[in-house]
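# Coordinate analysis (summary)
In case you want the letters, here they are:
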Amino acid sequence: MAELLVLKNLSKTFSPGTIHEKKAIENLSLTLEQGDFVTIIGSNGAGKSTLFGAIAGSFFPDTGQILLDGADITFQPEHRRSRTVGRLFQDPLKGTAPHMTIEENLALAYLRTTRHRSPLSITGKKDRERFRERLASLGLGLEDRMDSPVGLLSGGQRQALTLLMATLVTPKLLLLDEHTAALDPATAEKVQDLTGKIVRDQGITCMMITHNISAALALGNRTLMMDRGRIVLELSGRERAEMTVPALLKVFKEKVSRELDNDRMLLN
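A quick note: this is a predicted structure, and the numbers were derived from the prediction, not measured.

Quick look at the overall build of the protein now. Helix and strand content of the protein: 10 helices and 10 strands. In terms of C-alpha radius of gyration, the protein reaches 19 Å, essentially the compact-globule figure of 18 Å for 268 residues. Overall size of the protein, expressed as C-alpha extent along the three principal axes, is 60 × 40 × 40 Å. Relative to its 268 residues, the protein shows a buried fraction of 50%. Accessible area for the protein stands at about 13,000 Å²; split by element, carbon and sulfur atoms hold 51% of it. Side chains of the protein give 35 positive and 32 negative charges; the mean places of these two sets differ by 3 Å.

This model, assessed by the stated rule, comprises 8 salt bridges. Across the pair Arg132 and Asp144 runs a salt bridge, and its minimum N-O distance is 3.0 Å. Linking Arg132 in helix 4 (residues 125-136) with Asp144 in the loop between helix 4 and helix 5 (155-167), this pair joins segments that are 12 residues apart in sequence. Among the residues examined, Arg132 registers a relative accessible area of 39% and is labelled partly exposed. Judged by relative accessible area, which is 57%, Asp144 ranks as exposed. Among the charged side chains, a network of salt bridges with common partners joins Asp36, Arg222 and Glu234.

Before going further, it helps to spend a moment on unusual backbone geometry. You will see that Ser15, though not glycine, has its phi angle at about 50°, which is positive. As for its position among the elements, Ser15 is in the loop between strand 1 (3-14) and strand 2 (22-33). Classification of Ser15 by relative accessible area gives partly exposed; the value is 39%. Positive phi values are uncommon outside glycine, yet Asp69 reaches one of about 55°. Among the structural elements, Asp69 can be located in the loop between strand 4 (63-68) and strand 5 (71-72).

Let's shift gears to the sheet that holds strand 4. The 4 strands lie next to each other as 2-1-4-5, forming an open sheet whose pairing is antiparallel. Both edges of this open sheet fall to strand 2 and strand 5, since each of them pairs with a single strand only. Judged from the 2 bridges that link them, strand 4 and strand 5 form a sheet pairing that is antiparallel. Looking across to strand 5, one finds that Leu67 is bridged to Asp72. Here helix 1 (residues 48-56) sits on the sheet in contact with strand 1, strand 2 and strand 4, set at roughly 115° to strand 1.

As a further point, take the side chain of Lys48. Looking at where Lys48 falls in the secondary structure, it is placed in helix 1. Summary of buried charges: Lys48 has no salt-bridge partner, and the nearest side chain of opposite charge, Glu178, is 5.6 Å away. In this structure the side chain of Lys48 is engaged in a polar contact, spanning 2.9 Å, whose partner is the backbone oxygen of Ser43. The residues contacting Lys48, other than those within four sequence positions of it, are Ile40, Ile41, Gly42, Ser43, Ile209, His211 and Met226.

Turn by turn, an α-helix covers 3.6 residues, leaving residues three or four places apart pointing in a common direction. Helix length check: helix 3 (residues 102-113) (12 residues) gives 17 Å between terminal C-alpha atoms against 16 Å at 1.5 Å per residue, within 8%. Taken residue by residue, helix 3 has Ile102, Glu103, Asn105, Leu106, Ala107, Ala109, Tyr110, Leu111 and Thr113 as its buried positions. Residues of helix 3 that are buried make contact with helix 4 and helix 5.

For the rest of this paragraph, the subject is the sheet that holds strand 7 (residues 173-177). On the basis of which strands lie adjacent, the open sheet formed by 6 strands has the order 6-7-8-3-9-10 and mixed pairing. Strand pairing shows two members of the sheet lacking a second neighbour, strand 6 (85-88) and strand 10 (230-236), which therefore form its edges. When the angles between neighbouring strand axes are averaged without regard to direction, this sheet yields 20°. With 6 bridges connecting them, strand 9 (residues 222-227) and strand 10 associate as antiparallel partners. When the bridges of strand 10 are listed, Leu224 appears paired with Glu234.

Basis of the calculations
Residues numbered from 1 in each chain as written. Predicted model: local features only at pLDDT ≥ 70, side-chain atom pairs only at ≥ 80, totals over all residues. Heavy atoms only, no water. Helix = DSSP H or I, 4+ residues; strand = E, 2+ residues; numbered from the N terminus. Rg over C-alpha atoms; globule rule 2.2 N^0.38 Å. Buried < 20%, exposed > 50% of the residue type's maximum accessible area, 1.4 Å probe, protein only. Areas by Shrake-Rupley, 256 points an atom, 1.4 Å probe, with all protein chains shown as cover. Lys, Arg positive; Asp, Glu negative; His and termini not counted. Charge placed at Lys NZ, Arg CZ, Asp CG, Glu CD. Salt bridge = Lys/Arg side-chain N within 4 Å of Asp/Glu carboxyl O. Pairing = 2+ DSSP bridges. Contact = heavy atoms within 4.5 Å. Axes fitted to C-alpha atoms, helices over the stretch in contact; angles between N-to-C directions. Polar contact = N/O pair within 3.5 Å; in protein donor to acceptor, adjacent residues only side chain to side chain. Expected span 1.5 Å × (residues − 1).

As C-alpha cells, this is what we get:
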C-alpha cells in the first residue's frame, strides 16, 4: 500500500532556554500507509497531543519533516492543512459554532474543505440534501433538527456532528484527540462506534489518542505507546491481537522503568 503520512525525525521544544523549557517531541519518526487506523496511548505529558499539533500545523517543529501523500507540509499553514487533515478534540464545544444552526455548521465545514469554492459561497439544494442524508446516517435524529442552533445539542450529539463535519469531505488524514473522553460511558461508546463505521466506510487513514487501553487494542490495526516525546512501543498483527491490558502495562513498565501514571487509563 502507498505511504500516506511520513514523519521524519520530528523534534519540538517549547520555551527553550528558560526554566519552563519542555522537550515535547524528540527525534520521532513514523510512517502510516493509506487506510491505517493507529491508536495512541501514553501517560499525561507523553507528547501525544503535541504530535497531533505538529501534524495539523498548530506550530512548526524545530527539526524534522512531515510528508502527507507525498507533499512536504512541514511548514504549511494550519488553515491550508485543514482542507485535507480533519481533527477532533476532547472538548465537544470545540470545532462548532454554537450560535449557528446545524445546517450552517455543516455548510461551513463543507465549503472550507471543498476546493475551488469560497467559504462565503452559498450551498444549494443538493448540498442540503447531502447534509440531511449524512446526518441521518448518525442515527441521532439530527436530520430533523437542521435549523436548531448547535449550542442546544448534548455533548454526544455535538461530538457526533463534529465528527461528521470533519469527514463530510473525506480527509486524507483524521486526527482524533481523546474525542470521547468528556462524554459519559454510554455516549462515548456510541460515538466510538460511529467513528469506527465512518472510518471504515470512507477508508480514512486515522490516528486516535485514547486513555482507554481496551479500546486502543480493539480499534484499528496498529497501536503506539508514547513516553516523553518518543514512541516506545508499536504493536500490530498477531502480537497486538494477543496483547492484553495487564500485559501491556507490564511491557510499559519494562520499557520505561516506571509504571503508567494515569489514573483514567488504569481505571479504563
